[in-house]
Amino acid sequence: MRVLILGGDGYLGWPTAMYFSKQGHAVAVVDNFTRRRMHLERGSDSLTPIQSLHERVNVWKQVTGKTIEMFVGDIQDWDFIHRVIKNFVPEAIIHYGEIPSAPYSMIDVHHATFVHQNNVIGNLNVLFAIRDFAPACHLIKLGTMGEYGTPNIDIEEGYIEIEHNGRRDTLPFPKQPGSFYHLTKVHDSNNIMFANRIWGLQATDLNQGVVYGIETDEVNLDDRLLTRFDYDESFGTALNRFCVQAVVGIPLTVFGKGQQTRGYLNIRDTLQCVELAMLNPPSAGSKMRVFNQFTESFSVMQLAQIVQRAAAHLGIDVEIAHYENPRVESEVHHYNPKHSKLLDLGLKPRYLENSLVESVLTRVIQFKDHIIPDHIVPRIRWSEGDKGEKVDIVEREAKSEEAVVSGD
Ligand code: NAD
Ligand code: USQ
């Protein structure tokens with residue numbers, strides 16, 4: 001198939017490009033290096049040394065003999081993106097090309113509007129370009145499980161059947177996202193649903209959980225093909241951060257009570273999921289399809305304990321600490337989202353407990369000299385007022401009283 005990967009220089013986009021190229025698809029990537037520039041702005045960086053997109057594409061060609069086409073430009077620029085879609089004529093677009101960070105979107109008004117413009121306008125351009133230049137194309141759009149928030153009922157896969165005043169309907173599941181970033185994904189979902197309804201645009205919205213892992217078969221071919229790995233407060237997920245903290249000897253930064261529960265999946269399973277969505281498109285004329293894309297759920301405290309156990313296998317002693325929560329979120333809540341549709345299509349999940357050492361910790365140890373400890377302590381707060389101030393440790397489950405959080 002002709003596959004266009006938006007955000008093809010990113011954490012997920014680059015491994016997806018290689019994976020599809022290896023399967024024999026004609027692959028092109030689009031990126032404008034926003035993610036690399038946001039790191040320059042924040043003074044942080046990927047732990048894994050990543051090559052430029054040009055170098056990645058060249059190395060891929062050297063190693064496999066396969067070509068990945070490259071378009072450098074901004075999806076917000078209609079002139080650019082409509083020409084890419086018109087000329088490449090994709091059969092599937094995998095849309096990863098957005099800013100993915102909740103904390104970054106909460107820094108201040110400038111970051112919130114920047115993230116909204118980038119994500120919502122970019123996605124709208126893609127919808128119009130598909131309508132006008134590739135109407136048969138299947139849009140596979142990365143949304144997030146965080147669109148749903150943490151309601152006190154089970155989360156359905158996109159839609160919920162409701163009976164109200166004696167009448168029944170199947171309606172989009174209510175959304176209560178937890179950051180301005182997560183809100184952009186809700187706006188995208190609504191825009192895609194509308195485009196599907198009025199133009200018949202074929203779309204799958206993948207509400208993805210938190211992805212972990214650095215290793216894929218293609219990444220492992222050559223270290224110059226490595227994907228990024230972030231651990232700073234803006235772009236590092238809790239699990240990535242805990243792995244780095246374990247290796248540098250900082251008590252794991254569990255925010256608040258640590259009962260916040262999320263869905264997780266291995267990066268190799270992200271590749272399987274987008275492939276399954278692409279090879280099994282929704283039938284013509286059907287409404288926007290929604291998959292909840294994750295394989296396991298864990299509370300933050302469970303994650304910390306998994307990291308502690310995995311590190312112990314490598315002879316590393318890890319402490320867990322409770323920090324004052326810089327976010328405004330439910331710290332204790334119900335969490336039981338359905339996620340059967342991708343399993344029904346054949347997804348074979350990998351599990352965190354079995355794969356953390358191999359998928360993450362060995363690579364963190366390999367690159368531990370690159371760790372910038374100053375970027376581990378959180379400073380971005382959801383509630384206004386104390387941004388930039390020290391975040392205090394309010395409670396500690398540590399074994400050693402001397403341990404300090406460096407980087408303040
Ligand atoms: P990433 O930041 O590593 O990749 C996104 C890429 O898109 C970057 O290379 C960036 O430069 C590019 N990009 C952003 N705006 C662009 C624009 N206007 N024009 C051109 N390129 C642009 O993020 P990721 O972790 O690979 O996530 C990919 C997608 O998956 C995002 O939409 C994210 O919200 C979603 N997602 C990620 C996770 C996760 O755990 N990584 C979980 C759920 C959903
Ligand atoms: N957390 C800690 N300690 C930390 C960092 C985070 O306890 O050091 C907590 C947060 O308070 C939150 C939970 O861990 O309760 C998850 O936070 P996260 O930073 O790991 O993930 P999140 O901000 O939700 O964002 C990530 C990706 C985003 C994706 C989302 C999927 O960055 O792109 O959309 O996961 S989901 O969580 O399902 O919304």
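Residues numbered from 1 in each chain as written. Chains lettered and ligands numbered in written order. Predicted model: local features only at pLDDT ≥ 70, side-chain atom pairs only at ≥ 80, totals over all residues. Heavy atoms only, no water.

To continue, consider the confidence of the model for the protein chain. Residues of the protein chain with pLDDT of at least 70 account for 94%, and the chain-wide mean is 93. Taken element by element, the protein chain is modelled with least confidence in strand 15 (residues 393-396), mean pLDDT 30, and with most confidence in strand 1 (residues 2-6), mean pLDDT 99. Every residue in residues 385-408 is under pLDDT 50, and counting partners more than four places away or in other chains gives 54 contacts. (pLDDT = per-residue confidence, 0-100. Helix = DSSP H or I, 4+ residues; strand = E, 2+ residues; numbered from the N terminus. Contact = heavy atoms within 4.5 Å.)

Right, let's get into the packing of helix 6 (residues 109-133) against helix 7 (residues 180-199). Closest axis-to-axis distance for the helix 6/helix 7 pair is 9 Å, and the angle between their directions is 15 degrees. As far as their axial angle goes, helix 7 and helix 6 are roughly parallel. As for the relative orientation of helix 6 and helix 7, their crossing is right-handed in sense. Where helix 6 approaches helix 7, its residues A112, V115, H116, N119, V120, N123, L124, L127, F128 and R131 are matched on the opposing element by F180, Y181, L183, T184, H187, D188, N191, I192, A195 and W199. Classifying every residue of the contact of helix 6 with helix 7 gives twelve nonpolar, six polar and two charged. (Axes fitted to C-alpha atoms, helices over the stretch in contact; angles between N-to-C directions. Parallel < 35°, antiparallel > 145°, perpendicular 65-115°, else oblique. Left-handed = near helix turned anticlockwise from the far one by under 90°. Nonpolar A, V, L, I, M, F, W, Y, C, P; charged D, E, K, R; others polar.)

This paragraph deals with the side chain of Q208. Secondary-structure assignment places Q208 in strand 8 (residues 202-208). Within the structure, Q208 has its side chain in polar contact with the side chain of Q293 (distance 2.8 Å). Excluding anything up to four places from it in sequence, Q208 contacts L12, L142, G143, T144, M145, L265, T270 and Q293. (Polar contact = N/O pair within 3.5 Å; in protein donor to acceptor, adjacent residues only side chain to side chain.)

Moving on, we come to the site of ligand 1. Around ligand 1 sit 27 residues, and of these Y11, D31, R35, Y181 and K185 come closest. Here an oxygen atom of ligand 1 sits 2.9 Å away from a polar atom, N or O, in the main chain of L12. Compared with its free state, where it exposes 810 Å², ligand 1 has 96% of that area covered by protein. Among the elements of the structure, helix 2 (34-42), strand 5 (138-144), helix 7 and strand 9 (210-212) are those that each provide at least two residues to the shell around ligand 1. The class makeup of the residues in the shell around ligand 1 is ten nonpolar, ten polar and seven charged. (Near = heavy atom within 4 Å. Areas by Shrake-Rupley, 256 points an atom, 1.4 Å probe, with all protein chains shown as cover.)

Next up on the list: the pairing of strand 2 (residues 26-31). When you tally the buried positions in strand 2, you get five out of six residues, the bulk of the element. In this structure, strand 1 lies alongside strand 2, joined through five bridges in parallel fashion. Within the sheet, the bridge partner assigned to L4 lies in strand 2 and is A28. Regarding topology, helix 1 (residues 13-22) serves as the crossover connection from strand 1 to the parallel strand 2, and that connection is right-handed. Strand direction decides the pairing type here: strand 2 and strand 3 (residues 68-72), joined by five bridges, are parallel. Across the sheet, residue A28 finds its bridge partner in strand 3, namely E69. (Buried < 20%, exposed > 50% of the residue type's maximum accessible area, 1.4 Å probe, protein only. Pairing = 2+ DSSP bridges. Right-handed = clockwise from strand over helix to strand, strands pointing away.)

Attention now goes to the environment of V248. Its location among the elements puts V248 in helix 8 (residues 238-248). In the structure, V248 is positioned twelve residues away from Q260 in sequence and 25 Å away in space, judged by C-alpha atoms. If near-sequence neighbours (up to four positions away) are discounted, V248 is found in contact with I371 and I376.

This part takes up the site of ligand 2. Surrounding ligand 2, one finds 21 residues, the nearest of these being P100, Y181, A238, T253 and E329. With respect to ligand 2, the backbone of A238 contributes an N or O atom lying 2.7 Å from an oxygen atom. One nitrogen or oxygen atom from the side chain of R241 is found 2.8 Å from an oxygen atom belonging to ligand 2. Sorting the residues of the shell around ligand 2 by element identifies helix 7, helix 8 and strand 10 (252-255) as the ones contributing at least two each. By residue number, the principal contributor to the shell around ligand 2 is strand 10, which donates three residues. Here the residues of the shell around ligand 2 sort into nine nonpolar, eight polar and four charged.

Take the packing of aromatic side chains next. Overall, the coordinates contain six aromatic pairs when judged by the stated rule. A centroid spacing of 5.5 Å and a plane angle of 35 degrees characterise the contact between Y104 and F235, whose relative ring orientation is tilted. Here Y104 is found in helix 5 (residues 102-105), whereas its partner F235 is found in the loop between strand 9 and helix 8, with 131 residues between them in sequence. The same class applies to Y104 and to F235, which are both buried. For the pair Y148 and F173, a centre-to-centre distance of 5.5 Å together with 85 degrees between the ring planes defines the contact as edge-to-face. A residue pair is termed long-range when its members are at least 10 positions apart, and Y148 in the loop between strand 5 and strand 6 (159-164) and F173 in the loop between strand 7 (167-172) and helix 7 qualify at 25 residues. Note on accessibility: Y148 and F173 belong to one class, buried. Over the aromatic face of F88 sits the side chain of R2, whose NZ or CZ is 4.2 Å from the ring centroid. Sitting above the plane of the Y159 ring, K287 keeps its charged end 3.9 Å from the centroid. (Phe/Tyr/Trp six-rings, centres within 6.5 Å; stacked < 30°, edge-to-face > 60°. Lys NZ or Arg CZ within 6 Å of the ring centre and 35° of its normal.)

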